[in-house]
Every structure is written in structure tokens, then in C-alpha cells.
Amino acid sequence: MKQKGAFSRLSTYMLKHKLLYTVLLLITLFSIVLDLTMAWFLARITDAAVRMDVEAFSGLAWFGGLFLITAGVSSYFSAYLKINISAKIRNELRLDLMNHTLLLPQSYFDRNHSGDLLSRFTNDNQSVGEACGQVMIDLLRNPLLAVASFAYLIYINWLLALICITMGPLLYLVGKVFGKAMRKNSVQVQENMSRTTSFLNDILGSSMVFKSFSIERRLMKQYKGYSDSINAGEQNRGRIEGATGALSSVLGNLTFLLALVIAGYFVAKGSLEVGAMIAFIQLMNYLVMPFSALPGLVASMQQSLGAAQRIFEVMDAPAEVEALPEKQMQHPEFEQLNLSEVTFSYPGAGKLSLNQASLELPQGMQMAVVGPSGGGKSTLFKLLLGFYNPDEGEILINGQTVQGMSLEQLRSHFAYVPQESGLYTGSIRENIRNGRQDASEEEVIEALRQANAYDFVMELPEGVDSEIGEHGSRLSGGQRQRLSIARAMLKNAPILLLDEATAALDNESEKMVQQAIRKLMKDKTTIVIAHRLSTIQSADVILVMENGEIVERGNHEELLAAEGRYYDLYNSQLEQEETEGKEERSTNEEYGDKQGALLTPS
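Calculation notes
- Residues numbered from 1 in each chain as written.
- Predicted model: local features only at pLDDT ≥ 70, side-chain atom pairs only at ≥ 80, totals over all residues.
- Heavy atoms only, no water.
- UniProt positions renumbered as here; feature names shortened; annotations may be inferred.
- Buried < 20%, exposed > 50% of the residue type's maximum accessible area, 1.4 Å probe, protein only.
- Helix = DSSP H or I, 4+ residues; strand = E, 2+ residues; numbered from the N terminus.
- Pairing = 2+ DSSP bridges.
- Core = buried A, V, L, I, M, F, W, Y, C linked by side-chain atoms within 4.5 Å.
- Contact = heavy atoms within 4.5 Å.
- Salt bridge = Lys/Arg side-chain N within 4 Å of Asp/Glu carboxyl O.
- Patch = residues over 30% accessible without salt bridge, like charges linked within 9 Å, V, L, I, M, F, W, Y side chains within 5 Å.
- Areas by Shrake-Rupley, 256 points an atom, 1.4 Å probe, with all protein chains shown as cover.

Going by the annotation in an unreviewed UniProt entry, the name recorded for the protein is ABC transporter ATP-binding protein, with Paenibacillus helianthi given as the source organism. A UniProt comment under Subcellular location (unreviewed entry) is attached to the protein, and it reads "Cell membrane".

*Asks:* What am I meant to see in the pairing of strand S3 (residues 366-370) here?
*Replies:* Residues in a regular strand project their side chains so that they alternate between the two faces of the sheet. Among the 5 residues of S3, 4 are classified as buried, and the element is accordingly described as predominantly covered. In the sheet, S3 pairs with strand S8 (residues 525-529) via 4 bridges, with the strands oriented parallel. Looking at the pairing, Met367 lines up with Ile527 of S8. Pairing analysis gives 4 bridges linking S3 to strand S9 (residues 541-546), with the strands arranged parallel.

*Asks:* What's the story with the nonpolar core in this structure? I'm lost.
*Replies:* Ranked by size, the top nonpolar core spans 41 residues in total, and within it Leu448, Leu483, Ile536 and Tyr566 carry the most contacts. Among all residues touching Ile536, those that are not within four sequence positions of it are Ala368, Val370, Val528, Ala530, Ile542 and Tyr566. Membership of the second largest hydrophobic core comes to 34 residues, among which are Leu361, Ile397, Val402 and Leu410.

*Asks:* Can you walk me through the pattern of salt bridges in this structure?
*Replies:* A pair can form between side chains of opposite charge whenever their charged atoms are brought close. Tallying each qualifying case throughout the model produces 15 salt bridges. Between Asp116 and Arg120 there is a salt bridge, and its shortest N-O distance comes to 2.9 Å. Of this pair, Asp116 and Arg120 both sit in helix H5 (residues 114-156), 4 residues apart, roughly one helical turn. Salt bridges sharing common partners tie together Asp116, Arg120, Asp124, Arg310 and Glu313.

*Asks:* For this particular structure, what's the right way to read a nonpolar patch on the surface?
*Replies:* A surface patch of nonpolar side chains, amounting to about 410 Å² of accessible area, comprises Leu25, Leu26, Leu29, Leu140 and Leu144. Sorting the residues of the nonpolar patch by element identifies helix H2 (18-51) and H5 as the ones contributing at least two each. If one sorts the elements of the nonpolar patch by residue count, H2 sits on top with 3 residues. Along the chain, Leu144 turns up in helix H5.

See the structure below:
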């Protein structure tokens, strides 16, 4: 998208507030009149002083007081309306960006860093808001003030006015010369800030990791590199703006001094009054200031348009649905799930993640999927949930292809329990109700009971209203996972997807979670990705996946009897668990001997 396109789209937001902009424009025009009135007032004061007209000062004093009050009121409403418009547009952009972000497919989030998206919601949004308020009005006000001042200067002395206006084209050329460099620099600074935000997003969300690995110094070095890149860009911007401002100032002051010398000459000759000269000096400020500020305003606008471009890039990304779904369908009919020779590869991956995978899952069956990392297990879940579409083959529910269903209808068939609990900042009640938003208080409590979470929740100071922190940081891993199970229970979908739900838990927590899972699986059709094979021995069917292919299938006894890949995985894991058990017993015995020695009297 080009800058012009960004401004055109941004103008659609501004047009929503055309009434406010109209009032603000009228106030702006009135403020220009007040500025010119100040020049006139200075001329009258000076002329009265030169004439020694004492009586004139009484009326001028009253006029000055009224002028100050009027100017103050005008300044207040101008500042208020600028901030008001800016805040409204920022809010609308945030909401539209969030609405579209929620509509984006999973593939977009797989490709783009969450920190970069966060930067567009915050830094870029703030920059655009400033452009729509302060910067936009100043870009209108300054040229109008310059034109009005020029007209007044012509009234005072046309020759002086012509001398002053010569700096306009010169300053325009300055802005033109440095504008391209400003635009390039602003985009670079924004990209550097986006990368830094992404890095911060990773670091601030993993404090236990960087502390446990003692990598603070390395992270500080990395952050310094990111921060230095921002600093270098901002210093470069300072050099560009400094050169622009310096050249603008030199040209402006040169013109001002030239006009001032000529004005003084006219006063000395008697062809120009002293008051007119004072008014001329004030008007020169109004003429020089807008042209001098113009390059900086253009730079700010370019930066803001670059920020708008980054926001609209997200809004232009293809959405997976046209509108946010309503609450999901409850208790859809389910008879059978089929995969027919499904093949899939991630865009740009260069290899297949699933290769002609086929399976049948009738109602009530419990299916387990095992295999090494990268075998295609999680990809299978992503296809079932409609995050991606198969490159070849079909996925059918009750004989209907999932491509023929709405995503709302498709996903209503599944309750998903991820390896990471996927909880959000907020209360326990809010998180549980994400399973079903219209659930009653009694249903929430029952889901907590079924998930073995009720007791620990009730022990918290505020019970179900307790805040859980970022991603549930105030809870243990087992507690978070039980809340995730309660959320799935409340949804009560016919097919349950369990993605290594106990992989990261200790033995005690795993027992509690496994009990909750068994309750959740009751009367459900289930597909479970398992890392501990001992937990899925009772599954009706076990699929062994490697390199995107289903290499074996059968129940636990059949696969062991076949002495194939499952047999190797099972025995390898069994040996590992026995070794770990022996080491743990040995450690406990050694610890007990040491304690006994300490307690034995010498």
C-alpha cells in the first residue's frame, strides 16, 4: 500500500467526525483572526504611546482583557477537540484492528510475531491518532495563518510583503529535498521499534526461563543491540530534522532581517508608522513560524502515514470468516469422523506434514495418536479444527466435508484441551465461561467439580472471582490444566481433542489431571495425543505417526504383538521409566542413610 492509499483510508475514519472537524476548523479560523488581532492591538498600543495619548489606554486595556479571555477559551476548546478527535479515531482503529485480528486464520499467527502485532496496536495506533488531531490541524492552520498574515502585510506595505513571501518557495524546496529522507528514516525507526517490541514480548513473558538459565547478561546484550538500532535511527532523524530546521531558520531569519531593515528605513523616512512596524514584526513571526514548522509537520505526517500503513497491512490480511462468530452451536449431532487420504504441507515448508492420512472415528471411540516429535500429530488437530485446509484428500463429519461447513459449525463439534492451558488474564469464572458463555453459575461450579478444580478454587481468597494473572501465572501448572479441562467440560462438545494435556506436569498433578480427563472422556468421542504410552493403553485404537504418515494402527495388545514401531517406543519408554525409578529410589535411600547418620549419637 502506498502512502496516498494510507491517507485515503485514514480519511474515511476522519470523515466519521466531520462535525467535530468542522467545529475545530471554525475555532482554528477564529484563532487566526485572534492572532491578526494581536498584531493590530500591538500597533494601536504603540501608536498611542508615540502620540502620548493617555486616554486611549483605558479602552485598550479593556480590549486587552477581553482579548485574553477570548483567546484562552479558544485555546481550551481547540486543545480539547484535537485530543477528543484523536482519541476517538485511535479507539475506532483499535477496535477495527482487533476485530479483524480475531478473524485472521491460524496461519497468520504462525507467520507473524505477536510482539509485532502488539506494536501496531500501541505505537502505530498512537502515532496515527496524533496525526489525525494535532498534526492534521497544524498542517491546515499554518498555511492559513501565513496567507492571512501575508494579506495583512500587503495592507501595511506591499513591498515588505513581497520580500517576506519569497521565503515560501525556498522553504517548500527544503521540505521537498529532505522529505524523502524523513519518510525513509521514519519507516526504519518504526520497524526497529517493532522488532524490539517483539523481543520484549518474548522476554517479559519468560522470566523463569531467563533466570533459571542465568542468561540475563546475554539478553541485555541483545536488547542493547535492538535499543541501539532505535537510537541510531532517532539520531539520524535528529540530524535530518536539524538540517531541515537550521536551513529553514536561516532562510526565515534572513528574510526577516532584510524586511526589518527595509521597514526601519521606511519608518526613518516617515513613510511608515512605528505602530505599523511593530505589527509588521508580529506578522512576520506568524509568517516565518508556519513555514519553519512545515518540514517538521510533514515529517510527523509521513511517520504517521507509515504507522497507518502498518495497521492497514493487518486489516488487509485475508480473514478466515467474514464476521465474528456468534456463540457456538450446542450439542451438534455426531455419528462419525473420517479422514480420506489427507495430504498437507505448511506454506513454504518444502516437506509434507501429513501424507495420505486416513482414519475412521465413530461415535464413542477413544483414539490415541503417538509418535516422535514432528510426526504430524499436532498438524492433524489443526486440520480437524479448520485452522488449515488439506492440500489433498477430504475430512468428513457425518459424511459431510468440513469445507462445506461454516467454521462455527465445524468447531462446535470439538472441545480442545491444549498442552499449554491457554488461559487469559481475568477471573476463573470468565475463563471457564469461555467454554460456554451463557453457562449458569451452577454449571460453572459443576464443571469445576468434574475437573477436580473446585477445592483449590474455593480455597482462593475470592473463589471463582479470583484473578489468575497473565496466562494463569498465579496458579500451578496442574491447576491451570484443570481449569482448561473445566472449560472443555462446560462446552460439552461431542468430540474431545487432548493435546498432551499432562506432558509438563509432575506426578501428583498428573494424577489429578488424569482423573479429570477420565471424567471428561466419559461418553465422548476422543482423540488424544499422548507422550506417555502408559496413559493410553485402554484406547480403542492407537495410531503411530512418523514423518506425516500413519505407520501403524491397532489397540495396545495388537501393536505390542506386532513388535513394530509401537513395540519399540513402548519398551524404550518403559526402560526409561524403570531407570528413572531406580535412580529416584537410590537417591531417597542415600538421603535416608545420611539423615540416619546425623541422628545417631556418637
